[in-house]
Amino acid sequence: MYEVKSSMDEHEAILRCILTGYFTNVAQVQGDGTYLNIRSKEKLTIHSTSILSVVYPEWIVYHQVIKSNNHFIHNGSQIDP
């Protein structure tokens, strides 16, 4: 039988796992409040409904980009470079 463990205190380990798969989806904040993908140089915007739009962390990793009139980051997390 397996022991069930919680990952509630493993935030850094979880983010490292996410970064392993999404290393191409890392972006850095720019002076105008937008983000620049470090690989594709695509200009991105955090959607106004995201909690990240309040804090604007320097570095983020994101799941996907929703393309409309802007390129909006969807499902992002702050990371420490």
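One structure accompanies this document, and this report is about it. Computed from a prediction, not measured in an experiment: that's the story for all the values here.

**Remarks on the layout of surface pockets**
Computed from the structure, the largest pocket encloses a volume of approximately 160 Å³. Every residue along the wall of the largest pocket is listed here: E12, L15, R16, L19, I79, D80 and P81. For the lining of the largest pocket, a count of residues per class yields 4 nonpolar, no polar and 3 charged.

**Some remarks on the sheet that holds strand β4 (residues 59–67)**
Taking strand neighbours around the barrel as the criterion, the 5 strands line up as β1-β2-β3-β5-β4 in a closed arrangement whose pairing is mixed. Each strand axis lies, on average, 50° off the axis of its neighbour in the sheet, ignoring direction. Pairing of strand β3 (residues 43–46) with strand β5 (residues 71–78) involves 2 bridges; the strand directions are parallel. Looking at the pairing, T45 lines up with F72 of β5.

**Things to note about a nonpolar patch on the surface**
The grouping of I14, I18 and Y22 at the surface amounts to a nonpolar patch, some 220 Å² of accessible area in total. As for its placement among the helices and strands, I18 is situated in helix α1 (residues 11–21). On the basis of relative accessibility, which here comes to 32%, the residue I18 falls in the partly exposed class.

**What to know about the pattern of salt bridges**
Taken as a whole and judged by the stated rule, the model has 3 salt bridges. R16 is the partner of E12 in a salt bridge, and the nearest nitrogen-oxygen pair spans 2.8 Å. Highlighted residues: E12 and R16, both in helix α1, separated by 4 residues, approximately one helical turn. Note that K43 and D32 form a salt bridge whose closest N and O atoms lie 3.3 Å from each other. In this pair, K43 sits in strand β3 while D32 sits in the loop between β1 (26–29) and β2 (35–37), placing the two residues 11 residues apart along the sequence.

**Examining the environment of T45**
Tracing the backbone through its elements, the reader meets T45 in strand β3. Here T45 is in contact with T34, N70, H71, F72 and I73, once residues within four sequence places are set aside.

**Notes on the environment of H11**
Mapped onto the elements, H11 comes out in helix α1. On the basis of relative accessibility, which here comes to 55%, the residue H11 falls in the exposed class. Note: C-alpha distance between H11 and V65 (54 residues apart in sequence) is 23 Å.

Definitions and cut-offs
- Residues numbered from 1 in each chain as written.
- Predicted model: local features only at pLDDT ≥ 70, side-chain atom pairs only at ≥ 80, totals over all residues.
- Heavy atoms only, no water.
- 1 Å grid on protein atoms, 1.4 Å probe; cavity = no way out; pocket = protein on both sides within 12 Å on 5 of 7 lines; lining within 4 Å.
- Points joined across faces, edges and corners; volume = space filled by probe spheres on them.
- Nonpolar A, V, L, I, M, F, W, Y, C, P; charged D, E, K, R; others polar.
- Pairing = 2+ DSSP bridges.
- Helix = DSSP H or I, 4+ residues; strand = E, 2+ residues; numbered from the N terminus.
- Axes fitted to C-alpha atoms, helices over the stretch in contact; angles between N-to-C directions.
- Patch = residues over 30% accessible without salt bridge, like charges linked within 9 Å, V, L, I, M, F, W, Y side chains within 5 Å.
- Areas by Shrake-Rupley, 256 points an atom, 1.4 Å probe, with all protein chains shown as cover.
- Salt bridge = Lys/Arg side-chain N within 4 Å of Asp/Glu carboxyl O.
- Buried < 20%, exposed > 50% of the residue type's maximum accessible area, 1.4 Å probe, protein only.
- Contact = heavy atoms within 4.5 Å.

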